Amino acid sequence: MRSGTTSASGAPPSGSLNREKARPAAPGGEATFEVKGVKEGPFVITATLPEEHNRETTTIRGNVIATPNEPAIFRVSPPNGSMAGGTSVEVSGALLTADCSVSFGGVPVAGLTFVNAETLRVIAPAHAPGTVDVVATCGGEVSTLARAFTYAAAGANISAVAVSSGTTNGGTFVRIIGGNIANSCWPFFGGVASPVATVVDASTMLAVTPAHAAGAVDLRLLCTGTDALLRNGFTYVNGNDAAPQILEVDPLFATPGDVVTLSGIGFRPHDVITFDDRVALIVSSTPESHIVVVPDMPAGQVSVNLSRADGASATTGPIFTIGESSPPRVSRVTATAAAGAEIVLEGTGLRRSYSFAIGGKALQLVSLSPTRAVVRLPNDLVAGTHAIQLMNAQGRIAALAPAVIVRANGVVVAEVEARCASTDGEVDVTISGRGFAPGASVTFDGVPATNITVVDATRITATVPANAAGPAVITVTNGDGTSSTLTDAFRYFSPFDPSACRNTPSRTRSVRH
């Protein structure tokens, strides 16, 4: 047995080692892993840091001077296949025997042929998408090759694009229609990456076109393990896109803080919507609709206006009626929390012209939508029951929300050292805060993290799980059931997103729910 230390787990050696996954390490720290020699001769382990650490690499060199006396596997080829199973895989190792059995992610292989002491041929079984361990059991001896085989989901496909043409200046907002569109997918128009894209579901993606020369171009989706192509799927034309039109506003009467839907054509995700001269918050957008929050303004009839970044605009005239304004209403608040922790307020009409306070002391706003706000309690808040106050723009109390019980001690998540990861996960992070107890669990938007180590009461290290693209809430839960969250501090991105970690979440922006 030989061992070494490195700050990242190494890439698979070139056929001479049986590798175990490295334990996570804090930035600047060390992680220890063991390697088992299965063939005599030199070996090289290459360790590559993730993208947020500039993909720096280092190598460890060694020499195997004595082979083991028990069966071992060190390579599978190919390393990936269909989730439906049926892929023919060669498992390489040493001291393999005819009575060996093999499993992929705990599922026995569909067929196995013993070739010789160094080779088994197997048929991969069906399995859910993802990366799994390959395990060989020979005469009671078990050899595990961690994360050795990746099951790919059914390939993505594109059937149509609406709209199918737009300006060479880029900026056209389109809907890509197809099937099996994964959260890891990203669109490319004529080989140029879209600057903005969002997967709505497995059959729909929204994207903004990049600038490109005139002519028909291929539309390609790059996805982890697969891609999709629509030949001549989009046509670039000289000139500007047609001016936007607002065809419907629903409803035509609302009060400040209410949600209204604008329907029409030619919309873009970065449009500016105003009610007379008051800017409205856009909750979500498609090429044919904007869902917006009515801004604070006096009662009366107003026009609804749209301004596009290319200078085009649309207006409805004074057809919309603003009702008398009323303060937001909060109907539910997180029941208990430690000082310094996040709490959630749920209600209606929540908007930025109103803030939240306890005893006149402002609460930090983390995220806001018309029905949900996340705020952080002050660190110096004394234990006890506290009423939450809604403050208007003049700093006066407009309403009271349900009270929160503040604990003197408890778990608080304050920060995460790495702010983003690809949808594949596998990034090691350090979570800071206080009140962390041995055995605490960590989730990212409900998906459990792995390799969790509670370093002390203020620090946890963990490996980020695979997840959908977009912001993720980090939750730490102690064994007694108490928990705390960190909102809008971590983001998943497609591995093919050109902006990647440069678009880390804002800590105080509005979010969709």
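Preceding this paragraph is the structure being described.
Residues numbered from 1 in each chain as written. Predicted model: local features only at pLDDT ≥ 70, side-chain atom pairs only at ≥ 80, totals over all residues. Heavy atoms only, no water.

J.: For this particular structure, what's the right way to read the overall build of the chain?
T.: Secondary structure assignment for the chain yields zero helices and 52 strands. The burial tally for the chain puts 45% of its 513 residues in the buried class. Sequence separation of at least 24 residues holds for 57% of the intrachain contacts in the chain that already meet a minimum separation of 6. Looking at the chain as shown, the accessible area adds up to about 22700 Å², and 52% of this sits on carbon and sulfur atoms. (Helix = DSSP H or I, 4+ residues; strand = E, 2+ residues; numbered from the N terminus. Buried < 20%, exposed > 50% of the residue type's maximum accessible area, 1.4 Å probe, protein only. Contact = heavy atoms within 4.5 Å. Areas by Shrake-Rupley, 256 points an atom, 1.4 Å probe, with all protein chains shown as cover.)

J.: Got a minute to help me understand the sheet that holds strand S15 (residues 157-162) in this structure?
T.: Hydrogen bonding along the main chain pairs the strands of a sheet, whether they run parallel or antiparallel. Across the sheet, which stays open at both edges, the four strands sit in the order S15-S17-S21-S20 with antiparallel pairing between neighbours. Edge positions in the open sheet fall to S15 and strand S20 (196-201), since each of these has one partner strand only. Neighbouring strand axes in the sheet, compared pairwise and without regard to direction, differ in orientation by 25 degrees on average. By the bridge criterion, five bridges tie strand S17 (residues 173-179) to strand S21 (residues 204-208) in an arrangement that is antiparallel. Bridging across to S21, valine 174 finds its partner in alanine 207. (Pairing = 2+ DSSP bridges. Axes fitted to C-alpha atoms, helices over the stretch in contact; angles between N-to-C directions.)

J.: Just checking my understanding: could you explain the side chain of glutamate 342 for this structure?
T.: By the element assignment, glutamate 342 lies in strand S37 (residues 342-348). Looking at glutamate 342, its side chain comes within polar contact range of the side chain of arginine 376, at 3.3 Å. Among the polar contacts listed, one links the side chain of glutamate 342 to the side chain of threonine 487, at a separation of 2.8 Å. (Polar contact = N/O pair within 3.5 Å; in protein donor to acceptor, adjacent residues only side chain to side chain.)

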